[in-house]
Amino acid sequence: MRSFSEQQIGALAPNANALSNGRKISGGGGFVSRMRSEDDTFYMGECKGSGKSNYVVSADFIEEDKPVFRCSCPSRQFPCKHSLALMFEMAAQKDFPVGEIPKDILDKREKKQAKEAKKAEPQEAKKPVSEKSSKAGKAARTKKLKKQLEGLELMKQMTDQLMNTGLSAMGSVSLKSYRELAKQLGDYYLPGPQNYFNQLVLEMEAYQKDQDRKHYHQAVEVLKRLRALERKAVVYLNGKLDTDSPEADDDILYEKLGGIWKLDQLESLGLKKEQARLVQLSFQVIYDEARKEYIDIGYWADVDTGEISCTYNFRPVKALKYVKQEDSCFGMVKVPMLCYYPGGINKRIRWESAAFEPVTGQVLTEVIKHACGEISTAVKTAKNELKNLLSEDSCGMLLRYERIGKLSGEKGELWVLEDETGERIELAGRENWEDTMTALSLIPDPKLYHNQVLFGVLYYDAQDRKIRMYPCSIVTEKGIIRLLY
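Residues numbered from 1 in each chain as written. Predicted model: local features only at pLDDT ≥ 70, side-chain atom pairs only at ≥ 80, totals over all residues. Heavy atoms only, no water.

A.B. asks: Please explain the overall build of the chain as it appears in this structure.
C.D. replies: Check the secondary structure of the chain and you find 13 helices and 17 strands. Residues classed as buried in the chain amount to 44% of the 485 residues present. Considering only residue pairs separated by 6 or more positions, the chain has 62% of its internal contacts joining residues 24 or more positions apart. Accessible surface computed for the chain: about 25,700 Å², of which carbon and sulfur atoms make up 50%. Across the chain, 74 positive and 71 negative side-chain charges occur, with their mean positions spaced 5 Å apart. (Helix = DSSP H or I, 4+ residues; strand = E, 2+ residues; numbered from the N terminus. Buried < 20%, exposed > 50% of the residue type's maximum accessible area, 1.4 Å probe, protein only. Contact = heavy atoms within 4.5 Å. Areas by Shrake-Rupley, 256 points an atom, 1.4 Å probe, with all protein chains shown as cover. Lys, Arg positive; Asp, Glu negative; His and termini not counted. Charge placed at Lys NZ, Arg CZ, Asp CG, Glu CD.)

A.B. asks: So what exactly am I meant to see when it comes to the sheet that holds strand β5 (residues 98–99) here?
C.D. replies: Adjacent strands of a sheet pair through backbone hydrogen bonds, lying either parallel or antiparallel. Spatially, β4-β3-β2-β1-β5 is the arrangement adopted by the five strands of the open sheet, whose pairing is mixed. Taken across any chain shown, the strands that pair with only one partner, and hence form the sheet edges, are β4 (68–71) and β5. On top of the sheet, helix α3 (residues 81–91) reaches β1 (31–37), β2 (42–47), β3 (55–60) and β4; it is set at about 60° to β3, its chief contact. (Pairing = 2+ DSSP bridges. Axes fitted to C-alpha atoms, helices over the stretch in contact; angles between N-to-C directions.)

A.B. asks: Quick question: what am I supposed to make of the nonpolar core here?
C.D. replies: Across soluble globular proteins, nonpolar side chains have a tendency to be buried as a group. Counting 29 residues, the largest nonpolar core has Tyr178, Phe197, Leu200, Leu237 and Leu257 as the members making the most contacts within it. Elements with a contribution of two residues or more to this core: α5 (131–165), α6 (176–187), α7 (191–210) and α8 (213–242). For this core, the leading source of residues is α8, giving eight residues. Leave out the neighbours within four places in its chain, and Leu237 touches Leu145, Gln148, Leu149, Leu152 and Leu257. (Core = buried A, V, L, I, M, F, W, Y, C linked by side-chain atoms within 4.5 Å.)

A.B. asks: Before we go on, may I ask you to explain the packing of aromatic side chains in this structure?
C.D. replies: Within a pair of aromatic rings, the relevant descriptors are the distance that separates the centres and the angle that separates the planes. Taken as a whole and assessed by the stated rule, the structure comprises 11 aromatic pairs. Taking 5.2 Å as the distance between ring centres and 70° as the angle between the ring planes, the aromatic pair formed by Tyr43 and Phe96 counts as edge-to-face. With Tyr43 in strand β2 and Phe96 in the loop between α3 and β5, this pair connects stretches of sequence that are 53 residues apart. Given a relative accessible area of 0%, Tyr43 falls into the buried group. (Phe/Tyr/Trp six-rings, centres within 6.5 Å; stacked < 30°, edge-to-face > 60°.)

A.B. asks: Explain the packing of helix α2 (residues 16–27) against α3 here, please?
C.D. replies: When two helices pack together, their arrangement is given by the angle between the helix axes and by the axis-to-axis distance. Closest axis-to-axis distance for the α2/α3 pair is 7 Å, and the angle between their directions is 55°. Here α2 lies oblique to α3, going by the angle between them. Regarding α2 and α3, the two cross each other, and that crossing is right-handed. Across the interface between the two elements, Ala18, Leu19, Asn21, Gly22, Arg23, Ile25 and Ser26 from α2 touch Lys81, His82, Leu84, Ala85, Phe88 and Glu89 from α3. Grouping the amino acids of the contact of α2 with α3 by side-chain chemistry returns six nonpolar, four polar and three charged. (Parallel < 35°, antiparallel > 145°, perpendicular 65-115°, else oblique. Left-handed = near helix turned anticlockwise from the far one by under 90°. Nonpolar A, V, L, I, M, F, W, Y, C, P; charged D, E, K, R; others polar.)

A.B. asks: In this structure, what is going on with the pairing of strand β9 (residues 332–340)? I would like to understand it.
C.D. replies: Taken residue by residue, a regular strand's side chains alternate between the two faces of the sheet. Of the pairings in the sheet, the one linking strand β6 (residues 272–288) to β9 comprises seven bridges and is antiparallel in character. Paired with Lys272 across the bridge in β9 is Cys339. As judged from the three bridges shared by β9 and strand β11 (residues 355–357), these two strands associate in the antiparallel manner. Residue Met332 lies in a different strand from β11, and its bridge partner there is Glu357. Sheet topology places β9 next to strand β10 (residues 349–351); three bridges connect them, and they run antiparallel. Each residue of the ladder has a partner; that of Cys339, found in β10, is Arg350.

A.B. asks: Help me understand the packing of α6 against α7, please; the structure alone is not making it clear to me.
C.D. replies: For the pair α6 and α7, the least separation of the axes is 9 Å and the interaxial angle reads 165°. On the basis of the axis angle, α6 is roughly antiparallel to α7. In this structure, the crossing between α6 and α7 has a hand that is left-handed. Two secondary-structure elements touch here, α6 through Tyr178, Arg179, Leu181, Ala182, Lys183, Leu185 and Gly186 and α7 through Pro193, Gln194, Phe197, Asn198, Val201, Met204 and Glu205. For the contact of α6 with α7, a count of residues per class yields eight nonpolar, three polar and three charged.

A.B. asks: Teacher, can you tell me more about the pattern of salt bridges here?
C.D. replies: It is possible for side chains bearing opposite charge to pair when their charged atoms get close. Tallying each qualifying case throughout the model produces 33 salt bridges. Here Lys156 makes a salt bridge to Asp160, at a shortest N to O gap of 2.9 Å. Here Lys156 and its partner Asp160 are both found in helix α5, four residues apart, which amounts to about one turn of the helix. Note on Lys156: relative accessible area 30%, which makes it partly exposed. (Salt bridge = Lys/Arg side-chain N within 4 Å of Asp/Glu carboxyl O.)

Below, the structure is given as structure tokens:
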């Protein structure tokens, strides 16, 4: 008989309320009957609901890693609370008598298999796209590229004006025209540059309010990235027009300008890995004021290679109730097909389906062996990544340490990490990120401050002109001690 873990159910739940309601239905004896197929690929139950008739809820496992949940209730959530309740019934190992799979389910399976078979047909066997349709699609993409170039030229004029005025005078600059341009960039299919420009306006606005020099330094960093993106994007877009190839490619600029990847596109470009094993090292939620979005960020280690990758879940403020928030993952994720986005060291990753297994000591030992042993090597790697203005402004890494402790500095006590060579790097929080330093100071076992591995994010502090490390978790052979949730 199949079962679900609490973590698996939580990962499938659309939100915390649905998860809680599903648990209550199961715990309160909401099911009046249960059934499973002899081959263990189908589970079904009748559940009491608010209507006159019981709801029929089922879980189809004909595709092992892609279970299909169905329910006769009118809920628009997926899976609904009744489907979650069925999972809790399975998790509790309640009795599911063997029965026959309903005919309508068999018919749906047959239709789905036929659809998948058609999808898997060789390209030449499929109905060819008409020449007229192909030309129309290409013409639309070409038109979009030209529109993007127009928007970049407009953006260049505004940033040139700002540079000529001088950032030192940004406290007296009128922000009205800059705000208007930020809105216009969306009309030019440039949401990526639009986000940077919104961020620049926010820093200028903050500087006008409090005259804090940190906003000046941050505005300079944003402007540098904006200028670099504009220059490289112009070359990139003109190159695509010159070669008459407006299609998406594996250049990072496609996404930086606002392109949206589909999993099949990433697979077709070879940006994939089969049978990947991942362990989440850290998870946090940040709010991006420029984008008006909450971003759920997960940092993951590839058990086999040690590569650190990221998952991003963007939740616009205007659509919070429609977009499920991601959560921490405490199991090892086995992914049949892992897709990578073009990028630097910490590439963004996505997958369609996965299975969960416990994180064993052997798995943690494999992760630990990939940790960097020297601070100098880690910092050099981070510098090479951070100096690329199209990359992220931080770099997640596993770093082996001899000890973690406090030192007296010019600004008071500092937390530092020391490697086996005696070299040190400062550990510190980061503005607008959650506080992990308090958790670091409250670790109850002092042994954890010695001879372990730290996962953290290296970043450059432009104001103090130094690279620091934002600590996220301590990885041991017995478990991962998270400084966040």
